[in-house]
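For reference, the chains in residue letters:
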Amino acid sequence: MSLLVVGLSHRSAPVSVLERASLSADAQLKLLQDTVAAEPAAEAAVLATCNRIELYADVDKFHAGVAELSTLLAQHSGLGLEELTPHLYVHYEDRAVHHLFSVACGLDSMVVGEGQILGQIKDSLARAQDLHTAGRLLNDLFQQALRVGKRAHSETGIDRAGQSLVTFGLEQLSAGADVQQWARGKKALVIGAGSMSSLAAATLARAGVAEIVVANRTFERAERLALLLEEQYGQRLSEGDDTDVLARAVPMDAVPGELTRADVAVSCTGATGLVLTADSVAATVAVRTGTPAVEADDARPAEAADVADAAETPLLGAGAGAVAGTATGGDGDENCPLDLSSVPSGFSVMGEAAVAGMDAATLEQHGAWAAGGTAVDRTREAGRPGPEADAELIDALAATATRVGRIPERRRPAPVAEVPRPQPVLFLLDLAMPRDIDAAAHRLGGVRLVDIESLADASADAPMAADVDMVRRIVADEVTAFGAAQRAAHITPTVVALRSMAADVVAGEIARLEGRLPELDDKHRAEITQTVKRVVDKLLHAPTVRVKQLAAEPGGAGYADALRTLFDLDQETVASVSRAENSTEKNRGPA
């Protein structure tokens, strides 16, 4: 096995790079074809989602494979190789298997534990099978990855550790409120009719929105999705639920008008440009509110603006960033040991001010000043202190910190009056890569926009559940088992060639016997033939079983070489068996 994966994801690249490196459906097909046509690669599969692009290949040379796959990714993604390379990661053999299994379990997802990746892996395998670029190795790998992912979800509570991007996105839109209560009665616009948009529409319907409008460039697909939503979620009123979902389809040119009616819009299309610009979003907000939409920083009350402006003005004319409402030290700024002329505006000169680099004497002076001058200024009395004085000063500083209730920390910005942002009248969820909605809409008052970038930020510090550790153990066990199975399978062509050679020897000896004993009747000839075959099979049984067991262990690949050498097996015969097996796998239909 010489499995190699080269790729980039939300863990290795910023969203801006992922946007520009995204692959269209046509680009993925061309990438697969070009990869198997390249010299180092025999098989290839592409896993492309909204936050990852990975190229898997069976290569015969590691360094040449890395160079070729990286170059191909750059060519088809539209990014230059120099720009793409810093964000690429490479996994080889068992590490590549471990990576894909982790991806399948949702451990490498932006939202840990989300299950949508399983469908994307299945689509990736089907695409490679359709193009006949997946042979024995990638077929086995991706099918096993799907089984490992399903096992993780069924045997652990990994689903509790995370949700799909759609669910997580809606939670961010609702700002911590219960999603069902937040969504109930709202009107939703879903732009796009692909798998992610369909998931978003179904999630919104289950959450209790009153209406879903589906817009798509191919109107028939929008109609089909709207009909499915009507059939599945449009009859809840008759079943005792107090909500009913109405669904309808519109063409893409109706989006601006529908946006003025919508409370929440979810967009996930394959467009290469923006679907909703900041200007169009601003126009929508203006229609909804009756006043022009402005950036949130400018949409603040006059009183709040005055407070904020005052907070940004240095006090006492000394460059010190003491802000309104912050008490000064007991001796006033003139006795502060800090060089106030070097303190930037906007920073406090109190106990929270910068102390990095101060010696013990200055620390003690600063502590005394912050505490109102209650500590003794020993440095003025004794001059530059030695080590013993340093120890005393540190003790004094500790005592001061105890009285003050804090220890001087790194300089940090002084608190500034926080101006409340206008309540949103339009909620936008952008799940596309590259983005569908202009990021400038973040700054518009009355708009709450959640996109892939903000989802990445929100999920960065998500707590890891104990179930995640269980899944990691499952992955580790499955990687070991898969490696053993692949190593054992690697020797199969050699065993098949050995048995084929033995069968040829038996056939030749039986033919020679028939030539020397032509009077043998059919009954005796058949009995002799069967006896010779049984002898050969018994002689070969133990060595072939044992060599498969040994080959499954790490470093067991050498046993196949030993078998070929000991029995003088024809290399071309072994290779022909491998080609036949690989051809069968490549022509297998989608799983």
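Residues numbered from 1 in each chain as written. Predicted model: local features only at pLDDT ≥ 70, side-chain atom pairs only at ≥ 80, totals over all residues. Heavy atoms only, no water.

Peer 1: Please clarify how helix 2 (residues 25-37) should be interpreted in this entry.
Peer 2: Because each turn of an α-helix spans 3.6 residues, side chains separated by three or four positions end up pointing in the same direction. Its 13 residues place the ends of helix 2 19 Å apart at the C-alpha level, agreeing with the 18 Å of an ideal helix rising 1.5 Å per residue. The complete set of buried residues in helix 2 reads A27, Q28, L31, L32 and T35. Down the axis of helix 2, the sector holding all buried residues measures 140 degrees, keeping them to one side. The outward face of helix 2, more than 90 degrees from its buried face, is lined by the exposed residues D26 and A37. (Helix = DSSP H or I, 4+ residues; strand = E, 2+ residues; numbered from the N terminus. Expected span 1.5 Å × (residues − 1). Buried < 20%, exposed > 50% of the residue type's maximum accessible area, 1.4 Å probe, protein only. Arc of directions from axis to C-beta.)

Peer 1: Help me understand the side chain of T529 in this model?
Peer 2: Along the polypeptide, T529 turns up in helix 22 (residues 522-551). Here R525 takes part through its backbone oxygen, which lies 2.8 Å from a polar atom of the side chain of T529. (Polar contact = N/O pair within 3.5 Å; in protein donor to acceptor, adjacent residues only side chain to side chain.)

Peer 1: So what exactly am I meant to see when it comes to the pairing of strand 5 (residues 187-191) here?
Peer 2: Taken residue by residue, a regular strand's side chains alternate between the two faces of the sheet. With four of five residues buried, strand 5 is to be regarded as a mostly interior element. Bridge count between strand 5 and strand 6 (residues 211-216): five bridges; the pairing is parallel. When the bridges of strand 6 are listed, K187 appears paired with E211. At this point the chain moves from strand 5, through helix 11 (residues 195-207), to the parallel strand 6, and the crossover so formed is right-handed. Note that strand 5 and strand 8 (residues 264-267) share four bridges and pair parallel. Note on strand 8: the bridge partner recorded for I191 is S267. (Pairing = 2+ DSSP bridges. Right-handed = clockwise from strand over helix to strand, strands pointing away.)

Peer 1: Sorry, what's going on with the nonpolar core here?
Peer 2: Most often, soluble globular proteins keep nonpolar side chains buried together rather than apart. Judged by nonpolar contacts, the single largest core of 68 residues is most densely connected at L8, L165, I212 and L431. Ranked by residues supplied to this core, first place goes to helix 11 with seven residues. Setting aside chain neighbours within four positions, we find L8 in contact with A13, V17, L18, A21, R52, I53, L84, H87, L88 and Y89. Counting residues in hydrophobic clusters, the runner-up holds 35 residues, among them A45, C105, I158 and I474. (Core = buried A, V, L, I, M, F, W, Y, C linked by side-chain atoms within 4.5 Å. Contact = heavy atoms within 4.5 Å.)

Peer 1: So what exactly am I meant to see when it comes to the sheet that holds strand 10 (residues 447-450) here?
Peer 2: Sheet strands pair by backbone hydrogen bonding; their relative direction is either parallel or antiparallel. Read from one edge to the other, the open sheet built from six strands follows the order 7-6-5-8-9-10, with strand pairing classed as parallel. With one partner strand each, in any of the chains shown, strand 7 (246-251) and strand 10 form the two edges of the open sheet. Pairs of neighbouring strands in the sheet enclose a mean axial angle of 15 degrees, with direction left out of account. By the bridge criterion, six bridges tie strand 6 to strand 7 in an arrangement that is parallel. By the bridge assignment, V213 is partnered in strand 7 with R248. Here helix 12 (residues 219-233) sits on the sheet and contacts strand 6 and strand 7; the angle it forms with strand 7, its principal contact strand, is near 175 degrees. Running over the sheet, helix 14 (residues 278-289) touches strand 9 (426-430) and strand 10 and is turned about 155 degrees from strand 9. (Axes fitted to C-alpha atoms, helices over the stretch in contact; angles between N-to-C directions.)

Peer 1: Please explain the pairing of strand 1 (residues 3-9) as it appears in this structure.
Peer 2: In terms of residue burial, strand 1 counts as a mostly covered element, since seven of its seven residues are buried. On strand 1, burial covers both faces: L3, V5, G7 and S9 on one face and L4, V6 and L8 on the other are all buried. Relative to strand 3 (residues 52-59), strand 1 is paired through seven bridges, and the arrangement is antiparallel. If you follow L8 over to strand 3, its bridge partner there is I53. Relative to strand 4 (residues 89-92), strand 1 runs antiparallel, the two sharing four bridges. Among the inter-strand pairings, G7 is bridged to a residue of strand 4, identified as Y89.

Peer 1: Quick question: what am I supposed to make of the packing of aromatic side chains here?
Peer 2: For any pair of aromatic rings, the description rests on two quantities: the centre-to-centre distance and the angle between the ring planes. All chains considered together, the criterion is met by four aromatic pairs. Between Y56 and F142, the ring centres sit 5.4 Å apart and the planes meet at 80 degrees, which makes this aromatic pair edge-to-face. Taken together, the positions of Y56 in strand 3 and F142 in helix 7 (residues 136-155) put the pair 86 residues apart, joining distant regions of the chain. Judged by centre distance (5.9 Å) and plane angle (80 degrees), the rings of F101 and F482 are edge-to-face. A residue pair is termed long-range when its members are at least 10 positions apart, and F101 in helix 5 (residues 94-104) and F482 in helix 20 (residues 466-490) qualify at 381 residues. (Phe/Tyr/Trp six-rings, centres within 6.5 Å; stacked < 30°, edge-to-face > 60°.)

Peer 1: For this particular structure, what's the right way to read the packing of helix 5 against helix 20?
Peer 2: Each pair of packed helices can be described by the angle between their axes along with the distance between the axes. Put simply, helix 5 and helix 20 touch, their axes get as near as 9 Å, and they point 135 degrees apart. By the angle between their axes, helix 5 is oblique relative to helix 20. As helix 5 runs across helix 20, the sense of the crossing is right-handed. Along its contact with helix 5, which presents D94, V97, H98, F101 and S102, the element helix 20 presents V475, E478, V479, F482, G483 and R487. (Parallel < 35°, antiparallel > 145°, perpendicular 65-115°, else oblique. Left-handed = near helix turned anticlockwise from the far one by under 90°.)

Peer 1: How do you make sense of unusual backbone geometry when you look at a structure like this?
Peer 2: Glycine aside, residues mostly have negative phi, and peptide bonds are mostly found in the trans state. Along the chain, M433 connects to P434 via a cis peptide bond; the corresponding omega equals 5 degrees. Mapped onto the elements of the fold, P434 is located in the loop between strand 9 and strand 10. One non-glycine residue, E93, adopts positive backbone phi at about 50 degrees. With respect to the secondary-structure elements, E93 resides in the loop between strand 4 and helix 5. Positioned with a positive phi, H132 is a non-glycine residue whose angle comes to about 60 degrees. Position of H132 relative to the elements: it lies in the loop between helix 6 (116-130) and helix 7.

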